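Overview (structure and organization)
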Amino acid sequence: MVTALPGLSPAQEAGVREALRVAGCRSGLRFAAYLGPAVGPRRHFSERLHAALGEEATRAVLVFVDPGDRALEIVTGPHARRRLPDRECRLAAMSMAAAFREGDLADGLVAGLGLLADLASRRR
């Protein structure tokens, strides 16, 4: 699992991990999250993290958040993209960004993952 969540309390990390699990069960897609700085260009780094999911990457959704740079990327594999087009990913990103601006990183991730799962489930 390509989930790295430094900076969260153990309870917050457990909440995000549970949200990842639930999102996967509800949608049938593979969800992963990375919280931290990018190594190199942000989009390239998030795409490499997504590719690291291996065979699951085709049906995976990776949420990358760099709180220091106030950056957010959502990367989807080909199968996941059919169920979560860019427009819907932007909606989830805006929801997460609003929570992040309020300083609510963990709850923003949980809510965003829930929204992505809801949107993906509609096209199942």
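Let me begin by describing the structure that accompanies this report. (Residues numbered from 1 in each chain as written. Predicted model: local features only at pLDDT ≥ 70, side-chain atom pairs only at ≥ 80, totals over all residues. Heavy atoms only, no water.)

Regarding the pattern of salt bridges
Test applied: Only one rule defines a salt bridge in this text: a Lys or Arg side-chain nitrogen within 4 Å of an Asp or Glu carboxyl oxygen. In this description a helix means any DSSP run of H or I spanning at least four residues, a strand means any run of E spanning at least two, and both kinds are numbered starting from the N terminus. Remark: exposure states derive from per-residue accessible area (1.4 Å probe, protein chains only) relative to the maximum for the residue type, with buried under 20%, exposed over 50%, and partly exposed in between.
Summed over the entire model, instances satisfying the criterion amount to eight salt bridges. Of the charged contacts in the structure, one is a salt bridge between Glu47 and Arg43, with a shortest N-O distance of 3.2 Å. With Glu47 and Arg43 both in helix α2 (residues 42-51), this residue pair falls four residues apart, about one helical turn. A relative accessible area of 36% means that Glu47 is categorised as partly exposed. Given a relative accessible area of 36%, Arg43 falls into the partly exposed group. One salt bridge in this structure joins Glu73 and Arg43, with 2.7 Å as the shortest N-O distance. Within this pair, whereas Glu73 is found in strand β3 (residues 71-76), its partner Arg43 is found in helix α2, the two being separated by 30 residues in sequence.

Details of the packing of aromatic side chains
Each aromatic ring pair is characterised by the separation of its centres together with the angle its planes make. Note the following rule: Pairs were defined over the aromatic rings of Phe, Tyr and Trp, the Trp ring being its six-membered one, requiring ring centres within 6.5 Å. Orientation was assigned from the angle between planes: stacked under 30 degrees, edge-to-face over 60, tilted for the rest.
Overall, the coordinates contain three aromatic pairs when judged by the stated rule. Taking 5.4 Å as the distance between ring centres and 70° as the angle between the ring planes, the aromatic pair formed by Tyr34 and Phe45 counts as edge-to-face. In this pair, Tyr34 is assigned in strand β1 (residues 30-35) and Phe45 in helix α2, connecting sequence segments eleven residues apart. The residues Tyr34 and Phe45 share a single accessibility class, namely buried. For the ring pair Phe45 and Phe64, a centre distance of 5.9 Å and an interplane angle of 75° mean the geometry is edge-to-face. Residue Phe45 is located in helix α2, and its partner Phe64 is located in strand β2 (residues 60-66); the two are separated by 19 residues in the primary sequence. For Phe45, a relative accessible area of 7% puts it in the buried group. On the accessibility criterion, Phe64 (0% relative accessible area) is buried. Here the aromatic cluster, defined as three or more aromatic residues joined through ring pairs, consists of Tyr34, Phe45 and Phe64.

Taken by themselves, the reported measurements are silent on function.
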